[in-house]
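Given next are the chains, with one letter for each unit.
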Amino acid sequence: MQSSPDTIAAIATPPGKGGIGVIRVSGTLAPSIAEALVGHLPEPRLATLVTFREEDGAAIDQGLILFFPGTASFTGEPVLEVHGHGGVVVMDLLLQRVLSLGARPARAGEFTERAFLNDKIDLAQAEAVADLIDSVSEASARSAVRSLSGDFSACLGDLTEQLIELRVYIEAAIDFPEEEIDFLADESIVTRLNTITSSLDNIRQRASQGAVLREGVSLAIVGPPNAGKSSLMNRLSRQDIAIVNEQAGTTRDILREQLVVQGIPIELVDTAGIRSTSDAVEREGVQRALAELARADIALLVFDQSLGQHGVISAMGDLLASIGSALETFQGVLILVMNKKDLVRVDTGWEAVQDILSICPQINERVSISAATGEGLERLFDVIAQSAGLTTTVEGVFMARRRHLVALDEASARVRAGQAQLAVNAAGELLAEELREAQRYIGEITGDFTNDDLLGRIFSSFCIGK
Ligand SMILES: Nc1nc2c(ncn2[C@@H]2O[C@H](COP(=O)(O)OP(=O)(O)OP(=O)(O)O)[C@@H](O)[C@H]2O)c(=O)[nH]1
Ligand SMILES: [Mg+2]
């Protein structure tokens, strides 16, 4: 791969006022732009205090200039960083001056794209640049930086190495049949395949936790009217978002709020209480509640335990009668929340749980809380975090994207198919072919095998200046 002929420039700091603002320039014209802008070529990699000037010598601003020559830069091309004062007008004047010296405005993500094209970073690292900048929690920032520094890529590199070695071994055996390797009897092939599948599983687990940190999960609060869903919404988000009232059927519209629970971004959704009703508006609210349930990753099924054992079971019965199929087909994690704990001396409603579990076996977890006092909330947060797939036991989470998980799953499926070929048919050629495919899928993650469409999609989702 070679560097692109254009020299690109963009304001790299966010728009608005700031103590400083930075313009980034990358490409072969970088040295000549520096000379024209400040009168001399700055010493490489040394921050120099200079005056930036227009063509006629008029000063635009004073600031620092940094020059990274040759290929030892972020993009792999000569790079300039122009640090001026961070005002909208002065940044614009500086950028116009740089553009008049032959640079063109950079497209979104173009600096990182050049870093990738010039082999400075691989694709997973390039994506981690954007993910680090967009991180909404400390945990996601830490996992992004782990991917950015190449830990994820290094694991994938090891895996690719193992795949290649095994392929070479098998293909040699196929090409020289006189050596008569008995594929079935060759223990080393089986062992190596097992090692590969277990490292794939390990990487997949670390990456899927990173994907949760990055993409977050949607959490729907559903249940019968008056159970305290809106009170729970307000309690979880620590804000007074939803109207709470002792009237059944208070909430009709869907209410949404973003929050971060133990480092996981969560979209919290409050819904209308589910019951059969003749009120057209409320009926629409119930329809919308069901639609939210269907697309949620996690659902909190909330009941009022102060209704007592019989009351709760009857509420559950009503709910199942009107939306039973929605619960049966629900794909996510279903958490039973027994609310209004403060109103009961002993957990009376809790006794109903066994009955509820027997009529609704989809329930994965149960928690007793009081939305009014906040009791039980800590445990609910833990259960939510666990349900989001984040067990705190896994070390070294990698920031990963959906496409990485898909590629890892495909690779894993190919290796397992290969194992089956070996076990059932003792077919070396087919095993080798599956391993080749697995390697290709791993290569898609790091960008060894990718098409331009995918690259375009990935980099265009960046901001200008990255
Ligand atoms: N004592 C007590 N009261 C609660 C608790 N949670 C909710 N409530 C009360 O129960 C009533 C209903 O609460 P909401 O949060 O509006 O219930 P909802 O499930 O959103 O109701 P709909 O929107 O009508 O479906 C209100 O009077 C709340 O103050 C709780 O934990 N303890
Ligand atoms: Mg409500």
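Note that the structure is a prediction, hence the values are computed from the model and not measured.

**Q** Help me out: how do you make sense of unusual backbone geometry in this one?
**A** Note: most peptide bonds trans; most residues except glycine with negative phi. For R238, which is not a glycine, the phi torsion comes out positive at approximately 55°. Following the sequence through the fold, R238 ends up in the loop between helix 8 (229-237) and strand 8 (255-261). At Q262, a residue that is not glycine, the phi angle is positive and equals roughly 45°. Judged by local crowding, Q262 falls into the partly exposed class, with 16 C-beta atoms found within 10 Å.

**Q** Please clarify how the domain arrangement of the chain should be interpreted in this entry.
**A** How big an interface is tends to be stated in terms of accessible area lost as the parts join. With domains assigned, the chain is organised as domain 1 (8-121), domain 2 (133-212 + 399-447) and domain 3 (217-387). For domain 2 and domain 3, the distance between their C-alpha centres works out to 41 Å. At the interface, six residues of domain 2 touch five residues of domain 3. With three residues, helix 5 (residues 138-148) is the largest single contributor of residues to the side of domain 2 that touches domain 3. When its residues are assigned to classes, the side of domain 2 that touches domain 3 shows three nonpolar, two polar and one charged.

**Q** In this structure, what is going on with the site of ligand 1? I would like to understand it.
**A** Taken together, 23 residues form the shell around ligand 1, and within it G228, S230, T251, G273 and A372 come nearest. Take the shell around ligand 1: its biggest share by element is three residues, from helix 8. Classifying every residue of the shell around ligand 1 gives eight nonpolar, 11 polar and four charged.

**Q** What exactly am I supposed to notice about the pairing of strand 4 (residues 59-68) here?
**A** Along a regular strand, successive side chains alternate from one face of the sheet to the other. Sheet topology places strand 3 (residues 48-53) next to strand 4; six bridges connect them, and they run antiparallel. Counterpart to F52 in the pairing with strand 4 is D61. Here five bridges tie strand 4 to strand 5 (residues 79-86), and the two strands are oriented antiparallel to one another. Bridge pairing links L64 to H83 in strand 5.

**Q** Which parts of the structure should I look at to understand the sheet that holds strand 7 (residues 217-222)?
**A** An order of 8-9-7-10-11-12 is seen for the six strands of this open sheet, with the pairing classed as mixed. At either margin of the open sheet sits one strand with a lone partner, and together these are strand 8 and strand 12 (363-368). This sheet shows a mean twist of 25° between the axes of neighbouring strands, independent of strand direction. Relative to strand 9 (residues 264-270), strand 8 runs antiparallel, the two being bridged by seven bridges. Each bridged residue has a counterpart across the sheet, and for V260 the counterpart in strand 9 is P265.

Cut-offs applied
Counting of residues starts from 1 at the beginning of each chain's written sequence and follows it residue by residue. Here the convention is simple: chains get letters from A, ligands get numbers from 1, in the order in which they are written. Given that the model is predicted, a residue must reach a pLDDT of at least 70 before its local features are reported, and side-chain atom pairs must reach 80 or more before they are shown or counted; all residues, however, enter totals for whole chains, interfaces and linings. Strands here are runs of E lasting at least two residues and helices are runs of H or I lasting at least four, both read from the DSSP assignment and numbered beginning at the N terminus. Labels follow a simple rule on C-beta atoms placed from the backbone: if 20 or more others lie within 10 Å of a residue's own, it is buried; if 12 or fewer, it is exposed; otherwise it is partly exposed. Domain start and end points were adopted from an automatic or database domain assignment. In this description, a residue-residue contact is defined by the distance between C-beta atoms placed from the backbone, which must lie within 7 Å. Throughout, the ten residues Ala, Val, Leu, Ile, Met, Phe, Trp, Tyr, Cys and Pro are labelled nonpolar, Asp, Glu, Lys and Arg are labelled charged, and all others, Gly among them, are labelled polar. Proximity of a residue to a molecule or strand is defined by its backbone-placed C-beta atom lying within 6 Å of that partner. A pair of strands is labelled paired if DSSP reports no fewer than 2 bridges between them. With axes taken as lines fitted to C-alpha atoms, and helix axes fitted only over the stretch in contact, angles between N-to-C directions fall between 0 and 180 degrees.

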